[in-house]
4 protein chains.
Amino acid sequence: MRVIARRGMTAATMQEIAEEAGVAKGTIYLYFKDRDALVDKTFERAITELLKRIDAALATEGTFEQKLRASLVAKFSYFQEHREFFRLYHALRYPEGKRRTQKQYDEQLARMASMIEDAMQSGEIRRMDSKRLALIITEAISAVMIRRVVEENPPPVSADIDLLMDTILDGIRSHS
Amino acid sequence: MRVIARRGMTAATMQEIAEEAGVAKGTIYLYFKDRDALVDKTFERAITELLKRIDAALATEGTFEQKLRASLVAKFSYFQEHREFFRLYHALRYPEGKRRTQKQYDEQLARMASMIEDAMQSGEIRRMDSKRLALIITEAISAVMIRRVVEENPPPVSADIDLLMDTILDGIRSHS
Amino acid sequence: MRVIARRGMTAATMQEIAEEAGVAKGTIYLYFKDRDALVDKTFERAITELLKRIDAALATEGTFEQKLRASLVAKFSYFQEHREFFRLYHALRYPEGKRRTQKQYDEQLARMASMIEDAMQSGEIRRMDSKRLALIITEAISAVMIRRVVEENPPPVSADIDLLMDTILDGIRSHS
Amino acid sequence: MRVIARRGMTAATMQEIAEEAGVAKGTIYLYFKDRDALVDKTFERAITELLKRIDAALATEGTFEQKLRASLVAKFSYFQEHREFFRLYHALRYPEGKRRTQKQYDEQLARMASMIEDAMQSGEIRRMDSKRLALIITEAISAVMIRRVVEENPPPVSADIDLLMDTILDGIRSHS
DNA sequence: CATGAATGAGAATTCATTCAT
DNA sequence: AATGAATGAATTCTCATTCAT
């Protein structure tokens, strides 16, 4: 995970992975059929943990706003702990050499869309294309989160979360 | 450009690039110092054209809303013409193997931020962190645009543009 | 034996041998110094059984013709039982990577040559180079026997044995 | 060819082949897709030359005896020139694994069988199973020829040829 | 200018062998 | 005695780069 996150999916070598893992090159092949399998499995594992956290947040009781904020907190804290994974998350969306998005990413979008529809039903948010909204919200959040990872001195997490919630819910237009 | 866009920055081989260009491998080295230079220059060239269009849109007279919409139209129409480049644009943000973002990306963000500040000054939009807003808006737009590229039957461009403008300006909260 | 016969002396892996034997890889090294020793010993064992049968046939009382036929029957019936070993027998003659023939093969040839000399002495067969004759006869027999192993529907054993005896003893020339 | 003949089909390494050929490892891959292709093609090439010579001998006018002797001379002189190939010829018959390079060998046997049938027709040799005879004769010849390659001081070629012709045509039985 | 054959450093993969349990 | 996880040397293969033509 660390090596792939650091070097990227193509540049990571079996040698470096072995060294980082503290085993010999050959040992890796006892656990993964080949390099491809290793990358795939590693990728899946890294992302599964994140999605589990986000789903847990979305599953809590409360208003849409509360759930959205909770999922946002989950995402931010995950990357706070695993700064290196931002590149994996990045690749999740449009993996090299494939035109399709990753299944897990699409599933997460679908869950977000369904939550949005519920909120529309309850009148909490306006009626709009739920799938597109899910995409826009997810990526807006990711953008800030990924940016934080590479920033020397990012603002407090709460500031970014508040800004995102504020922008998503009320837009940027002035209402004076 | 085509090969790099198709295969990705790491997977593109000099052989395939030469074939697509209709020249011999060696010939490439008459025009580029090495593979790195080729990738960098190609990347820059692909992106410069896009940024030029966006900047032109931003430079027009009018309200913030008008300029934002114009830049959005520019971006969408560019990728309508160059579907394959979405992967390059993708890489623009966090190039493999580097922790830094690409200079051009940061510059574009800065221009957007300064436009946002002008709009805040004029009272057109609320006072918020302009840099973060620039990031959020840019990425929300990119998310939809990139998604369109891989969609079989994307909705009409105007629908996506309207949705984005609407969401960015007014948020998703219901005001009944 | 089975694995080496099936895969060949070079392609057989310790892993597959261990699996077929129902033991762990490491266990093999309690019984054989290394892979080379295993292959050599296995080879020897497989061939010793065959040579014992042939020698028994040659040791019976009777005319040269009777003894030759008996040894032929022994050889054919052995490979009838152990079809997979033909590849081992094949390697017996000119082992890969060595220029020398296998000792046991040479010894068998020598025994055959001495039997031929006895038959010359007794006037049963013509005076010719006994060593070359032993070689020619042995290989002619092997050729048919090996061919039988790979044939879908080989002719009856007796037909092949009769043909070989006939050809060896009387040649192919017409005497009409 | 030389390396494969010397080391065997499995033990020959790309490194040694490259060195013997006086090129770099990578260069080989410009001419052969992979190791397998190299071995197959090399093998085929080595054998084609031999079979061409034998066929030329068989195609001459004359009695069966004359043609057989001519083909025998061809075979002996080929291996006189290319001593190292005996191992390739050896492998031709029952290649490790189950490669189908065997085809050329089978074709040659078929040609020999058809020549034998002609000789039976003309009454020059006795009526017997022509396919089995072709096999027996071919392998008897090969046996002597291969043995010559590994012998320190082989007898004169003519002696071996005479012995083979004599044995094949008239058998070993005494007619006193 | 252009070529493309040749290069060789570097990466992935295999497998005989070891050794702590 | 037996195990099998771990090792790493050896091998195949890729591809950016060079250079004689």
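Overview of the structure.

Rules and cut-offs
- Residues numbered from 1 in each chain as written.
- Chains lettered and ligands numbered in written order.
- Predicted model: local features only at pLDDT ≥ 70, side-chain atom pairs only at ≥ 80, totals over all residues.
- Heavy atoms only, no water.
- Near = heavy atom within 4 Å.
- Polar contact = N/O pair within 3.5 Å; in protein donor to acceptor, adjacent residues only side chain to side chain.
- Helix = DSSP H or I, 4+ residues; strand = E, 2+ residues; numbered from the N terminus.
- Nonpolar A, V, L, I, M, F, W, Y, C, P; charged D, E, K, R; others polar.
- Expected span 1.5 Å × (residues − 1).
- Buried < 20%, exposed > 50% of the residue type's maximum accessible area, 1.4 Å probe, protein only.
- Contact = heavy atoms within 4.5 Å.
- Buried area = accessible area lost by both parts, 1.4 Å probe.
- Salt bridge = Lys/Arg side-chain N within 4 Å of Asp/Glu carboxyl O.
- Axes fitted to C-alpha atoms, helices over the stretch in contact; angles between N-to-C directions.
- Left-handed = near helix turned anticlockwise from the far one by under 90°.
- Parallel < 35°, antiparallel > 145°, perpendicular 65-115°, else oblique.
- Core = buried A, V, L, I, M, F, W, Y, C linked by side-chain atoms within 4.5 Å.

## Points about the protein's contact with DNA strand F
Thr27(A), Tyr31(A), Arg35(B), Thr27(C) and Tyr31(C) are the nearest of the 29 residues found near DNA strand F. Thr27(A) places a polar side-chain atom, nitrogen or oxygen, 2.6 Å from a phosphate oxygen of DNA strand F. In the model, a phosphate oxygen of DNA strand F is placed 3.0 Å from a nitrogen or oxygen of the Tyr29(D) side chain. The set of elements that each furnish at least two residues to the surface near DNA strand F consists of helix 3 (25-31) of chain A, helix 3 (25-31) of chain B, helix 3 (25-31) of chain C together with helix 3 (25-31) of chain D. When the residues that make up the surface near DNA strand F are grouped by side-chain class, the tally is 14 nonpolar, 7 polar and 8 charged.

## A short note on helix 8 (residues 130-150) of chain D
Residues and elements named next belong to chain D. End to end, helix 8 covers 31 Å across 21 residues, agreeing with the expected 30 Å (1.5 Å per residue, within 8%). Judged by how many residues are buried, helix 8 sits mostly within the fold: 20 of 21 residues are covered. With a side-chain oxygen lying 3.0 Å from the backbone nitrogen of Lys131, the N-terminal cap of helix 8 falls on Asp129.

## Structural notes on the environment of Lys67(D)
Structurally, Lys67(D) is set in helix 5 (residues 64-81). For Lys67(D), the residues in contact, after removing those within four places along its chain, are Ala57(D), Leu58(D), Thr60(D), Gly62(D) and Met115(D).

## Description of the interface of chain B and chain A
Taken residue by residue, the interface counts 55 residues in chain B and 56 residues in chain A. Together, the buried faces of chain B and chain A total about 4900 Å²; carbon and sulfur atoms form 54% of this surface. Between chain B and chain A we count 12 salt bridges in total. The shortest N-O distance in the salt bridge between Arg132(B) and Glu151(A) comes to 2.8 Å. For the pair chain B and chain A, the number of links is 27 residue pairs in polar contact (both at pLDDT 80 or more). Of all elements in the fold, only helix 5 (64-81), helix 6 (86-93), helix 7 (103-121), helix 8 (130-150) and helix 9 (157-170) of chain B reach the threshold of two or more residues within the side of chain B that touches chain A. Ranked by residue count, the leading element in the side of chain B that touches chain A is helix 8 of chain B, at 14 residues. When grouped by side-chain class, the residues that make up the side of chain B that touches chain A number 25 nonpolar, 10 polar and 20 charged.

## Topic: the interface of chain D and chain C
Listed as interface residues are 54 residues of chain D and, on the opposing side, 54 residues of chain C. Both faces considered, chain D and chain C share a buried interface measuring about 4700 Å² in area, 55% of it formed by carbon and sulfur atoms. The interface formed by chain D and chain C contains 12 salt bridges. Note that Asp106(C) and Arg147(D) form a salt bridge whose closest N and O atoms lie 3.4 Å from each other. Linking chain D to chain C there are 27 residue pairs in polar contact (both at pLDDT 80 or more). Sorting the residues of the side of chain D that touches chain C by element identifies helix 1 (2-7), helix 5, helix 6 (86-93), helix 7 (102-121), helix 8 and helix 9 (157-170) of chain D as the ones contributing at least two each. The biggest single contributor to the side of chain D that touches chain C is helix 8 of chain D, with 14 residues. Looking at the side of chain D that touches chain C residue by residue, the classes come out as 26 nonpolar, 9 polar and 19 charged.

## Here we look at the packing of helix 7 of chain B against helix 8 of chain B
Residues and elements named next belong to chain B. Relative to each other, helix 7 and helix 8 sit at 115°, their axes nearing to 8 Å. Crossing hand, helix 7 versus helix 8: right-handed. Note on element contacts: helix 8 touches helix 7 through Ser130, Lys131, Leu133, Ala134, Leu135, Ile137, Thr138 and Glu139, opposite Tyr105, Leu109, Met112, Ala113, Ile116, Glu117 and Met120. Partitioned by chemical class, the residues of the contact of helix 7 with helix 8 number 10 nonpolar, 2 polar and 3 charged.

## Section: the packing of helix 8 (residues 130-150) of chain A against helix 9 of chain B
The interhelical angle for the contact between helix 8 of chain A and helix 9 of chain B, taken along N-to-C directions, is 55°, at an axis separation of 11 Å. In terms of axis orientation, helix 8 of chain A runs oblique to helix 9 of chain B. Considering only the axes of helix 8 of chain A and helix 9 of chain B, their crossing is right-handed. Contacts between helix 8 of chain A and helix 9 of chain B involve Arg132(A), Leu133(A) and Ile136(A) from the former and Asp160(B), Leu163(B), Leu164(B) and Thr167(B) from the latter. When the residues that make up the contact of helix 8 of chain A with helix 9 of chain B are grouped by side-chain class, the tally is 4 nonpolar, 1 polar and 2 charged.

## Examining the nonpolar core
In terms of nonpolar packing, the biggest core is built from 119 residues, with Ile116(C), Ile172(C), Phe79(D), Tyr89(D), Ile116(D) and Ile172(D) touching the most fellow members. The leading source of residues in this core is helix 8 of chain D, at 13 residues. Discounting residues that sit within four places of it in the chain, Ile116(D) has contacts with Phe64(D), Ile125(D), Ser130(D), Leu133(D), Ala134(D) and Ile137(D). Counting residues in each nonpolar core, the second largest holds 118 residues, with Tyr78(A), Ala12(B), Met115(B) and Leu169(B) among its members.

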